[in-house]
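# Structure at a glance
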Amino acid sequence: MKHADALFRWKDPYDLPGTNALFAAAMAENAAFQRRSCRDYDHICAIAGLERGAKLGPGDLHRLPPIPTLYFKRHTLRSMPENRLLIRAASSGTGGVKSRVGFDAGSLRRGLDMSLTMARRHGLLSVKPCHYFILGYQPRRENDTAFSKTGFGFTFFAPALSRTYALVWQNGGYQLDLKAMEKRLIRAAKGTVPIRTIGFPSYTYLLLRGMEERGIHLRMPAGSLITMGGGWKQFEGQKVEKSELYRLARSVLGIGEAQCVEFFGAVEHPILYTTCPRHHFHIPVYSRVLIRDPDTLEPVPEGTPGLVDLLTPMTASMPLLSVMTDDLGVLHPAGTCGCGIEGPWLEILGRVGVRDIVTCAAGAAEYLKGVAP
Amino acid sequence: MILFQGQLYEDRELPRLRGELEARCLETIASRTIAPEQVISACGVLAERVRRGDYDQVLRPFLADFHISPGQFEAALRLLEPGSLRRKLALELGPGPEDTPLPCPGRAPIQRRRFPLGVLLHIAAGNVDGLPAYSVVEGLLAGNINILKLPSMDRGASLLLLRELAAIEPALKDFVYVFDVPSSDLASLTEFARIAGGVVVWGGDEAVRAARTLAGPDTRVIPWGHKLSFAYVSGEASDGDLAALAKHICETRQLLCSSCQGIFLDTEDMGAVEAFGERFFQILQAENARHAPADMGLRAKASLQLWTEALEAVETGRRVLRGGGAGVTIAPDSRLELSALAGNCWVKPLPRRRIVHVLSPEKGRLQTAGLLCPPEERPALSALLARAGVVRVTWAGDMSRTLPGEAHDGLYPLQLYSRIVEFG
C-alpha cells in the first residue's frame, strides 16, 4: 500500500488538489488488493459492473461500489486472517446491530499518521498535561464500541493528569454520573491545569444545561477545550441548536466558541474529520466524499443533498474503500467556508428513514417472529 | 399546552393541575353524565368548521408532518359526522342491554344498563389511524371522562380540535383533559393511569408494554398496536386491479397499518412469481411517476435497504427491480415482512394450502388482506385468510379505505370502553 502510505503522510491535511492523483492511485491499489483477497468484495464489484483491472482515475472513483453500513452490520468482510488484526471495534449499534471491523498494523499506522497530522493542524496536540472529562463509557475489556476506544485514545493528544468518566461501571451496568463530573469541574476551575471534555454532544449539552440551571458559572484555565464526537443524532426531537451549546460552554465553563471542536467519523470509515473555526467538516486528503441521489444512488453535483458516501484507501484488512452511511448530507463547494481552509466541506443533514412514530406498519415489523419460509 | 376543563394552561401549571385532576374527575362522575347525542351534535358542528377551513392554519402543518393525504383526511373527517357517529353507536353498542333483561326465578327480571368505564387515559400515537382527537371522541361516545396524552409530534392540532369541541358543547368540558407530557414523565403518566379505569394505548409493542407497566393490575389496558397488511393474488389479475393496488401503495407510501407491504401469489412456481414481479414492477413504476416523491429520508432509506439486498442476492436468492424511486423485490421465501416502504413492495409465493401455517404465527400483527382472485374462489379464500388471523379482507385497491362503522382491528372500541351493570 505504498500510495496509501504516502497519502497518509502528506504534510498539509487539506491539500486536496495536490493529492487527487495520489488518492486515486491509492484507491486503485487498495481495490486491486481487496478484490484479490476478499471474495465477497470481488463479487460486490461484479454486481456493480466494475470489471477486474478497470482503470480507476480521479474521475472514476464513483464506480467503486458504495457498501451500505447496513451490509457491514450483517456481514463481516475480511481481507486478512483474523490473527493479523491488532484492533477490533464495533459501531455503537444503532438499532442493536453492530458492524464489527478489524484493523491490521499497516492500517493503524496510517490512522496514527493521520491523527497526529490532524491534531497538530487543529491545535489539539499539547505537551501541557490536562484533566480529561470523558462524556462516554469508562473502558472495560468487554466494551468494544468504537467510542470507548477513541474516547480513551484521545486522552493521549495531551498528557492526562486525570480521567473522569460520565458513564461509570457500577453494579454490573453503566450508570450516568454527571454529579461527580460537575464536582470535579468545579474543583478544576480553581486550578491552573487546563481541562478537555470529550464526548457525545448530547451528553455535553445535558451536563452544561444542568450546571447552568443550578446557577454554576465557572472559568476554566486557559488552553481548555470542549471536544465532541459521535454525532448530533441523539438531539433529534430536542431541536437543540449548536449555537445553544456554544453559548452554554461560554456561560458555564468560560470556554469560547473557537475552543469547541467537533469530530466526525464512523467505525466503517475511520477518518478523523475535525471542525474548522466555523464548525464545518472540511474533507481531508485521506478521504473523498460523494453525495448520491436518494433514488438512483448516482453521484449528484456539489450543493445537492443526498446520501453520504465516504471513500478512503486507509484500510487494508477490510474493503472499506467506499462506505455509504445512513446519513443524508450536502457537500458544499470549495471556497464557501471562509475559515482559511479552501476545500469543500460536508454538512450532515440527518439520518435516513421515517421520523419516529409516523409509521405503524414499521413498528409491527420489528416484532415479527421470523417464521421459516 | 394543557387543556383542563375547557381552559388552556401553560405546561408549567402541570404539577398543580395534575394534583387537582382526580378530585375533578370524581366530582364529575358523582354529579354529571353526558349523552351520546351531545357528543354527536358537537362533532357535527366541528366537522363542518374544519371542512370550511376555519382551522387550516394549525391543521395543514399537522397533516404534512404525519404524511396524511387530503383523501385520508377527508375520510377521517367523515368519521366525525353525525350520521357516521350514530351508525357507529348503533353498530357497536346497540341493541342496548336494557332490551334484554335477564329472567330471575322468583323475582322481577334483572335489568341491565351500559355504563362508561369512568375515566379513560388515551396514550396517543401520531399516525392517521390514531388521530388522537378521534380516540377521545370514541371515549366520549361511551360516556367517559378522557385524559389524552399527546404524541410528541402533535403540534397543537388535537388540542385545538378538542378545545373547540368543548366550546361548542360546554357540557363536554368536564370530560376532556389534554396533557402535552413526554413519555419520559413517568410521574404524570402513572398518576393519570391510577385515576383511569382504562388505558387506551396507540403504538408499537414498546408503547403497549409501557402502558401495561403504568396501569395497575386492576386497570383495563386496551392496546391498538401496530399491524401489517398485504395483498393476496390467486389466478390471473387484471391490469386494472393491479394498477389500483399500485395506486394504493403509492398513495399511502406504505406507512399505514393497512398499507400493502407486499404481494403473496397463490403458487409454488418461482417462474410465475418472477413473471408477476416483473409485470407488477412496470405497473408500479408507471403509477409512482404520477405521485409526488415521498420524503427524501424515506426514499434514501429504501434505496439503501434495496441496494443492500441486491448485494446479498447471492445468499438470499432475491432479485431487486428498481427504477424511478419504485421497486419490487422478488423473493423465494414466504415470510411476512415490512417492505422498504415509499413505493417498494415484495412479491413472494404462498400457495393457499400454506396460508394458515405461514400467517397464523403472526396473527397479532395481521390487519388487511387485499384479495384478488376469481369471483367463485373469493368466499373460500376470504375465509381462509380470516382463519389465519386477518381482520379485514378488501379489494386490493381498497386496502386503506376508512368507512364509518368499520370495526377497529377486529374489535368494537365502544364496547371496550364501557361495562354492563345489572340491577335487580
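Anything mentioned here points back to the structure above.
Residues numbered from 1 in each chain as written. Chains lettered and ligands numbered in written order. Predicted model: local features only at pLDDT ≥ 70, side-chain atom pairs only at ≥ 80, totals over all residues. Heavy atoms only, no water.

## Things to note about the overall build of chain A
The secondary structure content of chain A amounts to 10 helices and 15 strands. Across the 373 residues in chain A, those meeting the buried criterion constitute 55%. By sequence separation, contacts in chain A at least 24 residues apart represent 67% of the contacts at least 6 residues apart. Of the roughly 16,100 Å² of accessible surface on chain A, a fraction of 53% belongs to carbon and sulfur atoms. (Helix = DSSP H or I, 4+ residues; strand = E, 2+ residues; numbered from the N terminus. Buried < 20%, exposed > 50% of the residue type's maximum accessible area, 1.4 Å probe, protein only. Contact = heavy atoms within 4.5 Å. Areas by Shrake-Rupley, 256 points an atom, 1.4 Å probe, with all protein chains shown as cover.)

## Re the overall build of chain B
Of regular secondary structure, chain B possesses 16 helices and 16 strands. At 24 Å, chain B has a C-alpha radius of gyration in line with the 22 Å of a compact globule built from 424 residues. Referenced to the eigenvectors of the C-alpha coordinate spread, the extents of chain B come out at roughly 70 × 60 × 40 Å. By residue count, 57% of the 424 residues in chain B fall in the buried class. Sequence separation of at least 24 residues holds for 72% of the intrachain contacts in chain B that already meet a minimum separation of 6. Summed over its atoms, the accessible surface of chain B is roughly 17,300 Å², and 54% of this surface lies on carbon and sulfur atoms. A gap of 3 Å separates the mean positions of the 47 positive and 51 negative side-chain charges of chain B. (Rg over C-alpha atoms; globule rule 2.2 N^0.38 Å. Lys, Arg positive; Asp, Glu negative; His and termini not counted. Charge placed at Lys NZ, Arg CZ, Asp CG, Glu CD.)

## Points about helix H6 (residues 132-141) of chain B
Residues and elements named next belong to chain B. Within H6, 10 of the 10 residues are buried, which leaves the element mostly enclosed by the surrounding structure. Buried within H6 we find Pro132, Ala133, Tyr134, Ser135, Val136, Val137, Glu138, Gly139, Leu140 and Leu141. The positive-phi residue at the C-terminal boundary of H6 is Gly143, with phi of around 95°.

## A few points about the environment of Asn30 of chain A
All names here are of chain A. Among the structural elements, Asn30 can be located in helix H2 (residues 16-37). Residue Asn30 is classed as buried on the basis of its relative accessible area, which comes to 0%. Residues Asn30 and Met318, spaced 288 residues apart in sequence, show a C-alpha to C-alpha distance of 9.9 Å. Ignoring any residue separated from it by four or fewer positions in sequence, one finds Asn30 in contact with Met1, Pro313, Thr315, Ala316 and Leu321. Here the side chain of Asn30 touches Gln34 through a polar contact of 2.8 Å, side chain to side chain. (Polar contact = N/O pair within 3.5 Å; in protein donor to acceptor, adjacent residues only side chain to side chain.)

## Digging into the packing of helix H2 (residues 36-52) of chain B against helix H4 (residues 70-79) of chain B
Residue and element names in this part refer to chain B. The geometry of H2 relative to H4 is characterised by a closest axis approach of 9 Å and an angle of 155° between their N-to-C directions. With respect to H4, the axis of H2 lies roughly antiparallel. The two elements H2 and H4 cross, and the hand of that crossing is left-handed. Packed against H2, whose contacting residues are Ala47, Val50 and Arg51, the element H4 presents Phe73, Glu74, Leu77 and Arg78 at the interface. Tallied by class, residues from the contact of H2 with H4 come to four nonpolar, no polar and three charged. (Axes fitted to C-alpha atoms, helices over the stretch in contact; angles between N-to-C directions. Parallel < 35°, antiparallel > 145°, perpendicular 65-115°, else oblique. Left-handed = near helix turned anticlockwise from the far one by under 90°. Nonpolar A, V, L, I, M, F, W, Y, C, P; charged D, E, K, R; others polar.)

## Observations regarding the pairing of strand S7 (residues 195-199) of chain A
Residues and elements named next belong to chain A. Burial runs high along S7: five of the five residues are buried. Of the two faces of S7, both are covered, the one formed by Ile195, Thr197 and Gly199 as well as the one formed by Arg196 and Ile198. Both strand S4 (residues 130-137) and S7 contribute to a ladder of five bridges, which runs parallel. Following the sheet pairing, Ile134 is matched in S7 by Ile198. In this structure, S7 lies alongside strand S8 (residues 225-228), joined through four bridges in parallel fashion. Within S8, the position partnered with Thr197 by the bridge is Ile226. In the classification by handedness, the crossover that spans S7, the intervening helix H8 (residues 201-213) and the parallel S8 is right-handed. (Pairing = 2+ DSSP bridges. Right-handed = clockwise from strand over helix to strand, strands pointing away.)

## Some points on the pattern of salt bridges
All names here are of chain B. With the rule as written, the count across this model stands at 50 salt bridges over all chains. For Glu309, the salt bridge identified is with Arg318, shortest N-O distance 3.6 Å. Between Asp333 and Lys348 there is a salt bridge; the shortest N-O distance is 2.6 Å. Here the residue Asp333 occupies a position in the loop between strand S12 (326-330) and strand S13 (344-349), and Lys348 occupies one in strand S13, the gap between them amounting to 15 residues. Just as Asp333 is buried, Lys348 falls in that class too. (Salt bridge = Lys/Arg side-chain N within 4 Å of Asp/Glu carboxyl O.)

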